[in-house]
Amino acid sequence: MSPTSPANPGCPTRRLTTAQALAAFLARQYTERDGRRQRLISATWGIFGHGNVAGIGQALMEAGGGRSTGGGNGGAGNGAAHRMPYLQGRNEQAMVHAAVGYARQSGRLSAHAVTTSIGPGATNLVTGAALATINRLPVLLLPGDTFATRPADPVLQQLEVEYAGDVSVNDCLRPVSRYFDRITRPEALIPAALQAMRVLADPAGTGAVTLALPQDVQAEAYDWPEEFFAERDWHVRRPAPDAHELEAAVRAVRSARRPLIVAGGGIRHSAAEETLAAFTAATRIPVASTQAGKGALRHDHPADVGGIGHTGTATADELARTADLVIGIGTRFSDFTTASGTLFANPAVRFLHLNITGFDAHKLAALPLVADARAGLESLTAALAGRGYRVDPAYETEYTGAKEAWEERVEASFATPDPTARPTQTQVLGLLDALVTEDDILINAAGSLPGDLHKLWRTRSRDQYHVEYGYSCMGYEIPAAIGVLLAAEAHTPRRPVWALVGDGTYLMNPTEIVTAVQENLPLKLVVLQNHGYASIGGLSEAVGAERFGTAYRHRDADGGFTGPPLPVDLAANAASLGMRVLRATTVDDLRTALSEARDAGGPTCVYVETETPDTVSGPPPAQAWWDVPVAETASRPAAVKAREEYDRQVAARRRHL
């Protein structure tokens, strides 16, 4: 007979350590939405040290370890269904990035946990946690912590704070977590774990969730009530709009003559792509997209006018300048989207924001429509259906014609007139564009690639375009691709997943190549070598900083960095980590290498040194401004000229009140 809980007489208990209880609990949590059920925490990443090896590490070994096979669809409660698969990482930040990639590909319905030791292992989580929370993507962080009982003080890697004995480096995770708790007693895990699951499954409040685990508490035994280990379903709700807000939204749409939809990542999180397509079919309102929203409509959909803002298309940005109603759907309206407050120039412009969070729905003094993106669009479509709204045919003709003109600029950027020449970055994208199908997934986050992709990439499916631009974190791409591959591995045949990186990003975080090799994941890594921080170099030139500190070159006689390129061989580095590497020198070489990489069954790197676009076709320039303050006083002519341009641009900024 099982012992019973003193707190709940008659309730059987199970004696486990805190870490063992947490692993067993996590393996029995599920999300449910639209009748689909799957594991909420489907695997745990971990790097072990003295702060978690004897606690969480031992618990994961007992929980089954092994390889994750995706989110699953529930289970009958047998042992196999309740295993906790373990994934081995090389860098704590990278493990969070992999977990975030997995969560995004899983539609935020399934997530990964990440465990670390105390000290540097824990603080390495901070960047990944910020990225997850900013992008509203769920990840569970389980950093080890110093002793709760303080038998030895300080312990190895402990931060001593003179004014507080209950502070550790894990407190760095508080501002970047949607929920944070430190489990100083075993029984405190019960309410904390339930709160953690609530936040992870909350479509409006999700992000990084941190449970800091003192190493002695991890290993401490407790008589846990069996009901703590019962399977739980966390319903991911789809809140419908308020009737009053819906009526106001209908009136705003019906009075608009030049409406424009700005599609954000909330459309993807809500799986509202088909609903958006139905709405545009009924109204013919054009759709521009943020980085997170690109793919809400296929590139060839008649209403899709491409990316918006500083990295947007001329079509979308001109429509934004003359729009009298901007309908934001699932977007935060960052400065890249609003061109730092200069894009929406019509004096009569008004905003209608459909968003699951009231915080975002009220931005820019908008009419709020607080609801799930799909539920809100369904309600708005139905409410407009009986009132006969559709944009003027002349407006439709205007934006479809502008879209065709932009496509000609895309073709010019992708063109490769000399197959024996070294390719430019945009030509690399053009070769990929000609190769991929709707099955392929492209991942990027930082450098000059996000701008080129936002302007030029022709998205073929709802999840093909995976650009992390909430935090724009260098080093995200390779581990995120691993997470995406793990989320999509049940697909037969396996979907091609491409991580596109420049040399600066590669040098930030190549470590998870080893993980891809260990798991034999068919990661397709494209490394573009341009000998420096190309994106920041261009920005530096524009703001009068003259590309200072942005080139990867030897020092010159004057101490600057204008000497020959550094003899760094990133292809050899990737090969040393276990990847198969294909080197490409010319356009023809690259076309062959990309095709070979796409067909490869294991991790493969395509390495190419790119040409600068100074003398050959490059991307169209920015179609809207971005505010990066320029020195107000300077002695160098470049900075003086840049400040004059800055003052001219900033004069156009307005506050929408």
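Caption draft 1: Structural view of the overall build of the protein chain. Regarding its fold elements, the protein chain presents 24 helices and 23 strands. Projected onto its principal axes, the C-alpha coordinates of the protein chain cover approximately 80 × 70 × 55 Å. Counting over 657 residues, the protein chain shows a buried share of 57%. Sequence-distant contacts, at least 24 apart, represent 76% of the contacts inside the protein chain between residues at least 6 apart.

Caption draft 2: Layout of the packing of helix α10 (residues 273–283) against helix α14 (residues 373–385). Across the interface, α10 lies against α14 with an axial gap of 9 Å and an inter-helix angle of 20°. Viewed along their axes, α10 and α14 adopt a mutual orientation that is roughly parallel. The way α10 lies across α14 gives a crossing that is left-handed. Where α10 approaches α14, its residues Thr275, Leu276, Phe279 and Thr283 are matched on the opposing element by Arg374, Leu377, Glu378, Leu380, Thr381 and Leu384. Its residues assigned to classes, the contact of α10 with α14 comprises 5 nonpolar, 3 polar and 2 charged.

Caption draft 3: Just the confidence of the model for the protein chain, in detail. The predicted model of the protein chain has a mean per-residue pLDDT of 94, with 96% of residues at 70 or higher. In the predicted structure, residues 68–78 sits below a pLDDT of 50 and forms 28 contacts with residues beyond four places in sequence or in another chain.

Caption draft 4: Region of interest: helix α6 (residues 189–200). Along its 12 residues, α6 runs 16 Å from first to last C-alpha, staying within 8% of the 16 Å computed at 1.5 Å per residue. What α6 keeps buried is the set Leu189, Ala192, Ala193, Ala196, Met197, Val199 and Leu200. Viewed end-on, α6 has its buried residues packed into an arc of 165°, placing them on one side of the element.

Caption draft 5: Seen up close, the nonpolar core. Of all hydrophobic cores here, the largest spans 52 residues; its most connected members are Trp45, Val114, Leu141, Tyr506 and Leu525. Of all the elements, helix α18 (residues 477–487) adds the most residues to this core, at 7 residues. Ignoring anything within four residues of it in the chain, the contact list for Tyr506 reads Ile478, Val501, Ile513, Leu525, Val527, Leu570, Asn573, Ala574 and Leu577. Formed by 50 residues, the second largest nonpolar core is a distinct cluster that contains Val262, Ala263, Ala323 and Ala371.

Caption draft 6: Representation of unusual backbone geometry. The omega torsion of the bond from Asp153 to Pro154 falls at 10°, within 30 degrees of zero and hence cis. As for its position among the elements, Pro154 is in the loop between β7 (139–145) and β8 (179–182). Positive phi outside glycine occurs at Arg136, with the angle close to 55°. As for its position among the elements, Arg136 is in the loop between α5 (125–134) and β7.

Caption draft 7: The pairing of β8, seen in detail. Note: β8 against strand β9 (residues 208–214), 4 bridges, orientation parallel. The residue of β9 that forms the bridge with Asp181 is Leu211. Read as a crossover between parallel neighbours, the route from β8 over α6 to β9 is right-handed.

Caption draft 8: Quick peek at the packing of helix α3 (residues 92–105) against α5. At their nearest, the axes of α3 and α5 sit 7 Å apart, and the two run at 20° to each other. Comparing the axis directions of α3 and α5 gives the class roughly parallel. Note that α3 runs across α5; the crossing there is right-handed. Every residue of α5 that contacts α3 at Glu92, Gln93, Val96, His97 and Val100 is listed here: Leu125, Thr127, Gly128, Ala129, Leu131 and Ala132. Of the residues assigned to the contact of α3 with α5, the class counts are 6 nonpolar, 4 polar and 1 charged.

Caption draft 9: Looking closely at the packing of aromatic side chains. Counting across every chain of the model gives 13 aromatic pairs. Taking the centre distance of 6.4 Å and the plane angle of 70° together, the rings of Phe333 and Phe344 count as edge-to-face. On the criterion of sequence distance, the pair formed by Phe333 in the loop between β15 (325–329) and α12 (335–338) and Phe344 in the loop between α12 and β16 (350–355) is long-range, its members being 11 residues apart. No difference in accessibility class separates Phe333 from Phe344, as the two residues are buried. Relative to Phe351, the ring of Phe344 lies with its centre 5.4 Å away and its plane at 85°, an arrangement referred to as edge-to-face.

Caption draft 10: Inspection of the sheet that holds strand β2 (residues 29–33) at higher detail. The sheet built from 3 strands is open, its strands ordered β3-β2-β11 with mixed pairing. Each having just a single partner strand, β3 (36–39) and β11 (232–235) make up the two edges of the open sheet. Here the strands of the sheet are splayed against their neighbours by 30° on average, with no regard to which way each runs. In terms of strand pairing, β2 meets β11 through 4 bridges, oriented parallel. Bridge pairing in β11 links Thr31 to Trp234.

Caption draft 11: Molecular detail of the pattern of salt bridges. All chains considered together, the criterion is met by 41 salt bridges. Residue Arg33 pairs with Asp34 through a salt bridge whose shortest N-O separation is 3.9 Å. The buried category is assigned to Arg33, whose relative accessible area is 11%. On the basis of relative accessible area, Asp34 is assigned to the partly exposed category, the value being 48%. Across the salt bridge formed by Arg462 and Glu273, the nearest N and O atoms sit 3.0 Å from each other. Of the two residues, Arg462 sits in the loop between α17 (449–456) and β19 (465–467) while Glu273 sits in helix α10, which places them 189 residues apart along the sequence.

Caption draft 12: How the structure looks around the state of the cysteines. Inspection of every chain in the model, using the stated rule, returns 0 disulfides. Distance from the sulfur of Cys172, which forms no disulfide, to the nearest cysteine sulfur (Cys473) is 16 Å.

Caption draft 13: Structural context of the side chain of Gln464. As for its placement among the helices and strands, Gln464 is situated in the loop between α17 and β19. A relative accessible area of 0% means that Gln464 is categorised as buried. Polar contacts involving the side chain of Gln464 include one to the main-chain carbonyl oxygen of Thr437, which spans 2.8 Å. A polar side-chain atom of Gln464 sits 3.2 Å from the main-chain carbonyl oxygen of Asp440. Ignoring any residue separated from it by four or fewer positions in sequence, one finds Gln464 in contact with Val436, Thr437, Glu438, Asp440, Ile441, Leu442, Trp457, Arg458 and Thr459.

Caption draft 14: Representation of the side chain of Asp433 within the structure. For Asp433, the location among the structural elements is in helix α16 (residues 425–435). You can call Asp433 buried: its relative accessible area is 7%.

Caption draft 15: Structural view of the sheet that holds strand β12 (residues 259–263). Here 6 strands make up an open sheet; going across it, the order is β14-β13-β12-β15-β16-β17 and the pairing parallel. Only two strands of the sheet have a single partner each, and these edge strands are β14 (304–307) and β17 (367–370). Mean inter-strand twist for the sheet, computed between neighbouring axes without regard to direction, equals 20°. Bridge analysis of β15 against β16 gives 5 bridges, and the strand direction is parallel. Across the sheet, Ile329 pairs through a bridge with Leu354, a residue of β16. Along the sheet, helix α8 (residues 243–255) contacts β15, β16 and β17; its crossing angle with β17, the most-contacted strand, is approximately 130°.

What counts, and where the lines are drawn
Residues numbered from 1 in each chain as written. Predicted model: local features only at pLDDT ≥ 70, side-chain atom pairs only at ≥ 80, totals over all residues. Heavy atoms only, no water. Helix = DSSP H or I, 4+ residues; strand = E, 2+ residues; numbered from the N terminus. Buried < 20%, exposed > 50% of the residue type's maximum accessible area, 1.4 Å probe, protein only. Contact = heavy atoms within 4.5 Å. Axes fitted to C-alpha atoms, helices over the stretch in contact; angles between N-to-C directions. Parallel < 35°, antiparallel > 145°, perpendicular 65-115°, else oblique. Left-handed = near helix turned anticlockwise from the far one by under 90°. Nonpolar A, V, L, I, M, F, W, Y, C, P; charged D, E, K, R; others polar. pLDDT = per-residue confidence, 0-100. Expected span 1.5 Å × (residues − 1). Arc of directions from axis to C-beta. Core = buried A, V, L, I, M, F, W, Y, C linked by side-chain atoms within 4.5 Å. Pairing = 2+ DSSP bridges. Right-handed = clockwise from strand over helix to strand, strands pointing away. Phe/Tyr/Trp six-rings, centres within 6.5 Å; stacked < 30°, edge-to-face > 60°. Salt bridge = Lys/Arg side-chain N within 4 Å of Asp/Glu carboxyl O. Disulfide = S-S within 2.5 Å. Polar contact = N/O pair within 3.5 Å; in protein donor to acceptor, adjacent residues only side chain to side chain.

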